Amino acid sequence: MNTVQLECFVTVAEYLNFSKASQVLKITQPAVTHQIQALEKELGTKLFLRTSKTVTLTREGVQFLGDAQLILKTALSAKERLGNREQYITLVLGCHNHMELSLLPPVLHDLAGEYPLLRPDIRMIPFPSLMGLIENEQVHAALSVKLEQKTSPLFFRELCRVPLACVCAPEHPLAAHSTLTASQLNGKFIACSPRQIPDEVFTAQTRILGGLRPEERYFAENTESAFALAKAQLGYTLYPDIIPARDRDLCYIPITDLPKISFGVYYRYDQDMPALKRFVNLLGEYIKSQSI
């Protein structure tokens, strides 16, 4: 296994097109095919399914993609460190969606001012996968609501406790309320894939869906899609009301009779990076200042 093979694999996985990958890599298409076949032979598994019209990743290909990206990143970082006397500080952060992502820019701006050699790496990953990446030290820390966990090497630092909110367009009838109870929720509902939301949200949306007719239900692959449908006034959805992460085009009405949700940062107990600890403190200060 070498970096050329991995670069070919990652590029084909990105475009799902061997011809496009060869153009990006500036090598011939047969050369790309050869590198992929050599990698598949070494791994002992097929990474792509090819027909005359389509290219798709196999299950094994999907599983290997993250590893391949990490190996390439590690190789590139090592090359940069060896070619530069200064020691860069790599901080790999995880989040689940663009709402959590929106919390990072002001915090990373301040953190980079204190650590000029900081090189942040941000990854958006579904709920079931992110904790495992922290445990395996592929991600240093991740923004998340607090999860119900068994014994784990992960530590959770709570940054705020927030209500679960009804999220809808300003024109939606529910937007006229300052607060709501679960029994007051009515109308068409936009549910989100369970892979993209915390258990508390999934439990609440399952209860709502059970009382709706099929024509009153919309299903979204992720929170961004659910918010887009809400903006289109097709219904309402549910999301923890983290004030600095709010979408300004939507209304957030807290649901008072549902438990509040703990939001914060997960990282390993044995993680001892000064830049990470400072990141967590800055993030907490930012959320607090924006929530007043």
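Our structure's up above, just so we're on the same page.
Worth saying up front: this structure is predicted, and the values here are computed from it rather than measured.

Draft legend 1. Expanded view of the overall build of the protein. Counting its regular elements, the protein contains 10 helices and 12 strands. For the protein, the proportion of its 292 residues judged to be buried stands at 45%. Taking as baseline every contact in the protein between residues at least 6 positions apart, the subset at least 24 positions apart corresponds to 74%. In the form shown here, the protein has an accessible surface area of approximately 15,700 Å², with 52% of it arising from carbon and sulfur atoms. When the 30 positive and 30 negative side-chain charges of the protein are each reduced to one mean point, those points stand 3 Å apart.

Draft legend 2. Just the packing of aromatic side chains, in detail. One pass over the full model with this rule turns up nine aromatic pairs. On the numbers, 6.5 Å between centres and 65° between planes, the contact of Phe 227 with Tyr 252 is edge-to-face. You can see Phe 227 sitting in helix 9 (residues 223–231) and its partner Tyr 252 sitting in strand 11 (residues 251–254), a full 25 residues away along the chain. A relative accessible area of 3% means that Phe 227 is categorised as buried. Here Tyr 252 falls in the buried class, since its relative accessible area comes to 10%. For Arg 50, the ring lying beneath its charged end belongs to Phe 18, and the centroid distance is 3.8 Å.

Draft legend 3. Geometry of helix 6 (residues 104–114). Listed as buried for helix 6 are Leu 104, Val 107, Leu 108 and Leu 111. The arc that holds the buried residues of helix 6, viewed along the axis, is 95°, so those residues lie on one side. In this structure, helix 6 carries Pro 105, His 109 and Gly 113 as exposed residues pointing more than 90 degrees from its buried face. Packed against the buried residues of helix 6 are strand 3 (89–95), helix 5 (98–101), strand 4 (118–124), strand 5 (141–145) and helix 10 (274–290).

Draft legend 4. Inspection of the environment of Gly 132 at higher detail. With respect to the helices, strands and loops of the structure, Gly 132 is situated in helix 7 (residues 127–135). Expressed as a C-alpha distance, the spacing of Gly 132 and Leu 154, which sit 22 residues apart in the sequence, is 9.8 Å.

Draft legend 5. Seen up close, the environment of Asn 17. Summarising the element assignment, Asn 17 is placed in the loop between helix 1 (3–15) and helix 2 (18–25). The partly exposed category is assigned to Asn 17, whose relative accessible area is 34%. Separated by 51 residues in the primary sequence, Asn 17 and Ala 68 have C-alpha atoms spaced 18 Å apart.

Draft legend 6. Structural context of the pattern of salt bridges. With the rule as written, the count across this model stands at 14 salt bridges. Put simply, Arg 246 and Asp 241 hold a salt bridge, and the shortest N to O gap is 2.7 Å. With a relative accessible area of 6%, Asp 241 lands in the buried category. We note a salt bridge from Lys 277 to Asp 272, for which the minimum N-O separation is 3.0 Å. On the basis of relative accessibility, which here comes to 57%, the residue Asp 272 falls in the exposed class.

Reading the values: rules and limits
- Residues numbered from 1 in each chain as written.
- Predicted model: local features only at pLDDT ≥ 70, side-chain atom pairs only at ≥ 80, totals over all residues.
- Heavy atoms only, no water.
- Helix = DSSP H or I, 4+ residues; strand = E, 2+ residues; numbered from the N terminus.
- Buried < 20%, exposed > 50% of the residue type's maximum accessible area, 1.4 Å probe, protein only.
- Contact = heavy atoms within 4.5 Å.
- Areas by Shrake-Rupley, 256 points an atom, 1.4 Å probe, with all protein chains shown as cover.
- Lys, Arg positive; Asp, Glu negative; His and termini not counted.
- Charge placed at Lys NZ, Arg CZ, Asp CG, Glu CD.
- Phe/Tyr/Trp six-rings, centres within 6.5 Å; stacked < 30°, edge-to-face > 60°.
- Lys NZ or Arg CZ within 6 Å of the ring centre and 35° of its normal.
- Arc of directions from axis to C-beta.
- Salt bridge = Lys/Arg side-chain N within 4 Å of Asp/Glu carboxyl O.

That is the geometry; function is a separate question.
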